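Examination of the molecular architecture
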Amino acid sequence: NSANSYLIMAYNSKLNYCTASPDSLFGVRFNYACYLHDRQYRNEVKFRKTRKQADIDFRNKIYEIFYNNTKPLNIGVKINNPILIKSISPILGFLVSRIYFKGVFYFAGSAYVRS
């Protein structure tokens, strides 16, 4: 029934939605972006996007999560200073989001359910 389907599709922050790659880097957890991306790829949404738009949204959501990060960073050394976190997180987010975008662009095409 639809109630069970909703429970299966509900976001769980403890799950790894980035199956083939880490769902957190540098102390920033971005598995919510992977969850949203997976739902688009599996056509579990009311308003379906093209694969290209789903990938662009994925990239942008990863960047947004890094941009809004206020938790300590770990880039080989732990960074707890809020000013440094706010300065460095967007740079890391830019890099991570672009790498993940290219990864799904080149390697995840077969996972996109065409309907």
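Note that the structure is a prediction, hence the values are computed from the model and not measured.

Here we take up the nonpolar core. Counting 22 residues, the largest nonpolar core has Phe30, Phe58, Ile62 and Phe66 as its most contacted members. Broken down by secondary-structure element, the contributors of at least two residues to this core are helix H2 (31-41), helix H3 (51-67) and helix H4 (82-107). For Phe30, the contacting residues outside a window of four places in its chain are Cys18, Pro22, Asp23, Ser24, Leu25, Ile62, Ile65, Phe66, Val96 and Tyr100.

Our focus in this paragraph is the environment of Phe30. Note on placement: Phe30 falls in the loop between strand E2 (28-29) and H2. Taking relative accessible area as the criterion, Phe30 reaches 0% and is therefore assigned buried. Distance in space between the C-alpha atoms of Phe30 and Glu64 is 9.4 Å, their sequence separation being 34 residues.

On to the packing of aromatic side chains. Describing an aromatic ring pair means giving the distance of the ring centres and the angle of the ring planes. Counting across every chain of the model gives twelve aromatic pairs. Taking the centre distance of 5.9 Å and the plane angle of 35° together, the rings of Phe30 and Phe66 count as tilted. Of this pair, Phe30 sits in the loop between E2 and H2 while Phe66 is found in helix H3, placing the two residues 36 residues apart along the sequence. Pairing Phe101 with Phe105 gives two aromatic rings, centres 6.5 Å apart and planes at 20°, and the pair type is stacked. Of this pair, Phe101 and Phe105 are both found in helix H4, four residues apart, which corresponds to roughly one turn of the helix. Residue classification places Phe101 among the buried positions, given a relative accessible area of 15%. A network of ring pairs unites the aromatic residues Tyr11, Tyr17, Tyr32 and Tyr35 as a single cluster.

Moving on, we get to the state of the cysteines. Across all of its chains, the model carries one disulfide by this definition. Here Cys18 engages in a disulfide with Cys34; their sulfurs sit 1.5 Å apart. Judged by the torsion about the S-S bond (55°), the Cys18/Cys34 disulfide is right-handed. With a gap of 16 residues between them, Cys18 in the loop between helix H1 (2-9) and strand E1 (24-25) and Cys34 in helix H2 connect regions that are remote in the sequence. Assigned by exposure class, Cys18 and Cys34 land together as buried.

What counts and what doesn't
- Residues numbered from 1 in each chain as written.
- Predicted model: local features only at pLDDT ≥ 70, side-chain atom pairs only at ≥ 80, totals over all residues.
- Heavy atoms only, no water.
- Core = buried A, V, L, I, M, F, W, Y, C linked by side-chain atoms within 4.5 Å.
- Buried < 20%, exposed > 50% of the residue type's maximum accessible area, 1.4 Å probe, protein only.
- Helix = DSSP H or I, 4+ residues; strand = E, 2+ residues; numbered from the N terminus.
- Contact = heavy atoms within 4.5 Å.
- Phe/Tyr/Trp six-rings, centres within 6.5 Å; stacked < 30°, edge-to-face > 60°.
- Disulfide = S-S within 2.5 Å.

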